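Residues per chain are reported as follows:
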Amino acid sequence: MTLNSNKIWWSIFATGLLPLLVLAIEIAADSLGANPIEAIHIRLGDWALRFLCLTLAVTPLQTVTKWRGMADYRQLLGIYCWFYASLHLFAYLAVDQAWEWSLIGLDLLESRYMWFGLLAYMIIFLLGLTTSKAAKKILGKRWKKLHRWIYFASFSAVMHYFWQLKGNLAEPAFYLVVVAFLLAFRLLACFKNRQVSLLMIPTGKRHSV
Amino acid sequence: MIIKTKKAVPSSEITDPGVFSARRTLLKSLLAGSALAVGFPWASGAFGARWQDLPRGEYSTEGLEVTPADPARKYNNYSEFTFNKEDAARLAQALPTDPWSLSIAGEVQKPVAYALEDLLNHPRLQERIYRFRCVEAWSMVVPWIGIPLTELLQAAQPLSSAKFVQFTAVYRPDIMPNQRNSTMLAWPYVEGLRLDEAMHPLTILSVGMYDEVLPKQNGAPLRLVVPWKYGFKSIKAIVRIDLLKRAPMTTWNNYAPDEYGFYANVNPAVPHPRWSQSSERVLGSGFFTPRRETELFNGYGEQVASLYQGMDLRHFF
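Residues numbered from 1 in each chain as written. Chains lettered and ligands numbered in written order. Predicted model: local features only at pLDDT ≥ 70, side-chain atom pairs only at ≥ 80, totals over all residues. Heavy atoms only, no water.

For chain A, the helix and strand inventory stands at 9 helices and 0 strands. Ordering the α and β elements of chain A from the N terminus gives α-α-α-α-α-α-α-α-α. In chain A, which comprises 209 residues, the share counted as buried stands at 38%. Across chain A, every contact between residues at least 6 apart in sequence was considered, and the portion connecting residues at least 24 apart equals 63%. Looking at chain A as shown, the accessible area adds up to about 12700 Å², and 72% of this sits on carbon and sulfur atoms. Taking the 21 positively charged and 10 negatively charged side chains of chain A as two groups, their mean positions are separated by 29 Å. (Helix = DSSP H or I, 4+ residues; strand = E, 2+ residues; numbered from the N terminus. Buried < 20%, exposed > 50% of the residue type's maximum accessible area, 1.4 Å probe, protein only. Contact = heavy atoms within 4.5 Å. Areas by Shrake-Rupley, 256 points an atom, 1.4 Å probe, with all protein chains shown as cover. Lys, Arg positive; Asp, Glu negative; His and termini not counted. Charge placed at Lys NZ, Arg CZ, Asp CG, Glu CD.)

Moving on, we get to the overall build of chain B. Each helix and strand in chain B was counted, giving 9 helices and 12 strands. Every one of the 317 residues in chain B was classed for burial, and the buried ones make up 52%. A separation of at least 24 residues holds for 72% of the contacts in chain B among residues at least 6 apart in sequence. Total accessible area on chain B stands at roughly 14700 Å², and carbon and sulfur atoms take up 55% of it.

Residue and element names in this part refer to chain B. Positionally, E58 belongs in the loop between α1 (17-37) and α2 (69-74). Residue E58 is classed as exposed on the basis of its relative accessible area, which comes to 72%. Counting along the chain gives 182 residues from E58 to R240, while the straight-line C-alpha distance between them is 28 Å.

Moving on, we come to the interface of chain B and chain A. Interface extent is often summarised as the accessible area lost during association of the parts. Contacts between chain B and chain A engage 35 residues on the former and 30 residues on the latter. Summed over both sides, the interface between chain B and chain A buries roughly 2600 Å², with carbon and sulfur atoms accounting for 57% of that surface. For the pair chain B and chain A, the interface holds 3 salt bridges. Close ionic contact of K166 of chain A with E136 of chain B constitutes a salt bridge, the shortest N to O distance being 3.8 Å. Between chain B and chain A we count 12 residue pairs in polar contact (both at pLDDT 80 or more) in total. (Buried area = accessible area lost by both parts, 1.4 Å probe. Salt bridge = Lys/Arg side-chain N within 4 Å of Asp/Glu carboxyl O. Polar contact = N/O pair within 3.5 Å; in protein donor to acceptor, adjacent residues only side chain to side chain.)

Let us look at the side chain of E259 of chain B. For E259 of chain B, the location among the structural elements is in the loop between α8 (251-255) and β11 (279-282). Within the structure, the side chain of E259 of chain B is placed 2.8 Å from the side chain of R274 of chain B, a separation counted as a polar contact.

This part is about the packing of helix α5 (residues 112-129) of chain A against helix α8 (residues 150-162) of chain A. The relative placement of two packed helices is expressed as an angle between their axes plus a distance between the axes. All names here are of chain A. Closest axis-to-axis distance for the α5/α8 pair is 8 Å, and the angle between their directions is 150 degrees. Taken together, the axis directions place α5 and α8 in an arrangement best described as roughly antiparallel. Relative to α8, α5 is oriented so that their crossing is left-handed. Counting all contacts with α5, which are made through Y113, M114, F116, G117, L119, A120, I123, I124 and L127, the residues of α8 involved are I150, F152, A153, S156, A157, M159 and H160. (Axes fitted to C-alpha atoms, helices over the stretch in contact; angles between N-to-C directions. Parallel < 35°, antiparallel > 145°, perpendicular 65-115°, else oblique. Left-handed = near helix turned anticlockwise from the far one by under 90°.)

The terminal C-alpha atoms of helix α2 (residues 36-65) of chain A, which comprises 30 residues, lie 41 Å apart, in line with the 44 Å expected from a rise of 1.5 Å per residue. Just beyond α2 of chain A, the residue with positive phi is K66 of chain A, at close to 55 degrees. (Expected span 1.5 Å × (residues − 1).)

Residue and element names in this part refer to chain A. Taken together, the side chains of K136, K141, K144, K145 and R148 define a basic patch exposed on the protein surface. Here the positive patch gets 3 residues from one element, more than from any other, and that element is helix α7 (residues 141-147). Among the structural elements, R148 can be located in the loop between α7 and α8. (Patch = residues over 30% accessible without salt bridge, like charges linked within 9 Å, V, L, I, M, F, W, Y side chains within 5 Å.)

Further remarks concern α5 of chain A. End to end, α5 of chain A covers 26 Å across 18 residues, agreeing with the expected 26 Å (1.5 Å per residue, within 8%). Those residues of α5 of chain A not exposed but buried are Y113, M114, G117, A120, Y121, I123, I124 and L127 of chain A.

Another aspect to go through is the sheet that holds strand β1 (residues 101-106) of chain B. Strands belonging to one sheet form pairs held by backbone hydrogen bonds; the direction of such a pair is parallel or antiparallel. Residues and elements named next belong to chain B. Sheet architecture is open: 5 strands sit in the order β2-β1-β10-β5-β6, paired in mixed fashion. Taken across any chain shown, the strands that pair with only one partner, and hence form the sheet edges, are β2 (112-115) and β6 (190-194). On average, adjacent strands in this sheet sit at an angle of 15 degrees to one another, irrespective of strand direction. Bridge analysis of β1 against strand β10 (residues 238-244) gives 4 bridges, and the strand direction is parallel. In the strand pairing of β10, G106 is matched with L243. (Pairing = 2+ DSSP bridges.)

What follows concerns the pattern of salt bridges. Summed over all chains, the structure comprises 22 salt bridges over all chains. With a shortest N-O distance of 2.9 Å, D96 of chain A and R281 of chain B are connected by a salt bridge. One end of the pair, D96 of chain A, is in helix α3 (residues 71-96); the other, R281 of chain B, is in strand β11, on a second chain. Note on D96 of chain A: relative accessible area 4%, which makes it buried. The buried category is assigned to R281 of chain B, whose relative accessible area is 4%. Where K233 of chain B meets E191 of chain B, a salt bridge forms, and the shortest distance between an N and an O atom there is 2.7 Å. Here K233 of chain B is found in the loop between β9 (223-225) and β10, whereas its partner E191 of chain B is found in strand β6, with 42 residues between them in sequence. Judged by its relative accessible area of 1%, K233 of chain B is buried. When salt bridges that share partners are traced, they join R131, R133, E280, R292 and E295 of chain B into one network.

This next bit is on the environment of R112 of chain A. Secondary-structure assignment places R112 of chain A in helix α5. The class for R112 of chain A is partly exposed, based on a relative accessible area of 39%. In this structure the C-alpha to C-alpha distance between R112 of chain A and W163 of chain A, which are 51 residues apart in sequence, comes to 7.6 Å. Apart from residues lying up to four places away in sequence, R112 of chain A is in contact with W163 of chain A together with P273, R274 and W275 of chain B. A distance of 3.3 Å separates the side chain of R112 of chain A from the backbone oxygen of P273 of chain B, its partner in a polar contact.

In structure tokens, the structure reads:
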């Protein structure tokens with residue numbers, strides 16, 4: 001890793017901590033509004049979703065700019081998604097529900113939007129668990145397959161957002177568009193690659209005429 | 001690499017809790033003062049108490065810890081203006097609420113019209129402390145000021161054909177952005193009750209809260225308060241009341257009939273299709289405080305359960 005890319009890595013690392021710092025200051029200053037617990041949920045959930053989108057944006061960016069070697073940044077962004085999603089879940093369990101398992105159980109059973117959140121988190125957790133180079137080596141080809149589950153996680157996370165709201169659907173709609181766009185980009189690239197590779201397969205007919 | 005070890009905070013550095021909270025109060029009052037200075041009167045009790053020593057009706061709920069006025073004034077659903085609770089207080093200031101009149105018509109012998117002043121000075125005005133439970137699973141305890149609705153309805157002499165009551169909110173697309181853009185719901189906002197629900201002594205037409213006239217974001221100048229039902233039934237800025245033979249179409253029910261019922265009685269056993277109603281976050285309660293377990297009819301079962309005797313509350317949700 002060159003010094004330059006190292007610098008980039010560290011600045012992403014530092015920036016990723018900023019939302020948490022701002023939240024901590026706002027909690028200390030009691031400036032999160034009339035329902036601070038809900039505000040904490042929204043902040044942490046939003047940042048988990050934002051880092052998820054950023055993680056997904058790395059590959060398209062790499063393709064467009066032809067700038068190689070962004071995998072390390074993608075990993076870091078992914079870890080931040082995992083970090084904020086974990087805090088989001090922790091805030092729900094500890095700050096909001098105060099570990100009242102009977103109420104948590106009922107909530108999980110009856111709140112369908114929670115099912116999507118949980119599914120998204122389980123996937124993100126698994127991807128976070130297998131983020132290391134060692135895990136990548138052990139899993140081999142399966143690693144890539146496993147990490148494609150990030151698409152399920154992102155759609156599930158967006159559903160989790162949509163399904164808990166009464167009105168105000170603009171924000172989840174925005175994330176839906178972003179995720180759909182990033183996925184569409186990949187599908188298109190994949191389709192194009194296949195066409196290119198089809199052209200590269202010698203058919204034996206082309207020169208026969 | 002320098003590895004810092006955890007150091008215990010010496011007791012001399014721990015802030016005395018009294019100092020801490022005093023400092024916080026000071027900061028808050030400074031903030032409130034500056035908010036006033038730059039013209040955000042709705043951010044604090046700037047109107048001054050209009051009512052003092054109003055009788056607290058026998059139907060007011062005893063033994064509840066009243067939610068501080070601040071969250072009640074700042075955390076509002078007002079879908080005519082916005083779907084963002086934090087913005088409602090600012091946007092709602094645009095609605096002129098004086099003069100205002102309320103008409104009661106439909107299946108009545110004697111249609112009546114009230115001017116706002118008649119209601120603000122009504123002899124039966126009283127304070128009612130009620131739990132207020134939103135369908136979004138948060139709640140507060142509000143000291144409302146209002147008139148038992150039955151008094152106003154009876155003045156119009158309902159006909160025997162009257163079975164339902166329809167409430168219609170103000171229609172001002174020039175002022176209310178979501179009405180202007182026909183966003184999401186069918187405007188104006190309409191709510192409805194069965195006549196016996198509307199005549200129940202717990203049902204009030206509210207003109208104030210916390211000893212003051214209603215802030216605009218809380219539904220000034222007139223709103224319904226039906227404490228055993230989800231908050232969306234308690235329609236804001238009412239301009240007319242009609243007594244009807246049949247059940248009226250109501251706004252949220254019309255928008256998503258499987259999610260928001262006509263009755264909308266608070267009931268922990270009937271979840272919203274997308275979220276649980278078993279518990280609620282009480283506004284003003286601190287971090288790491290458990291949610292409150294939601295009660296059937298929001299805790300008013302003793303007074304209202306008889307209205308629904310023999311009804312399947314899962315079906316008539």
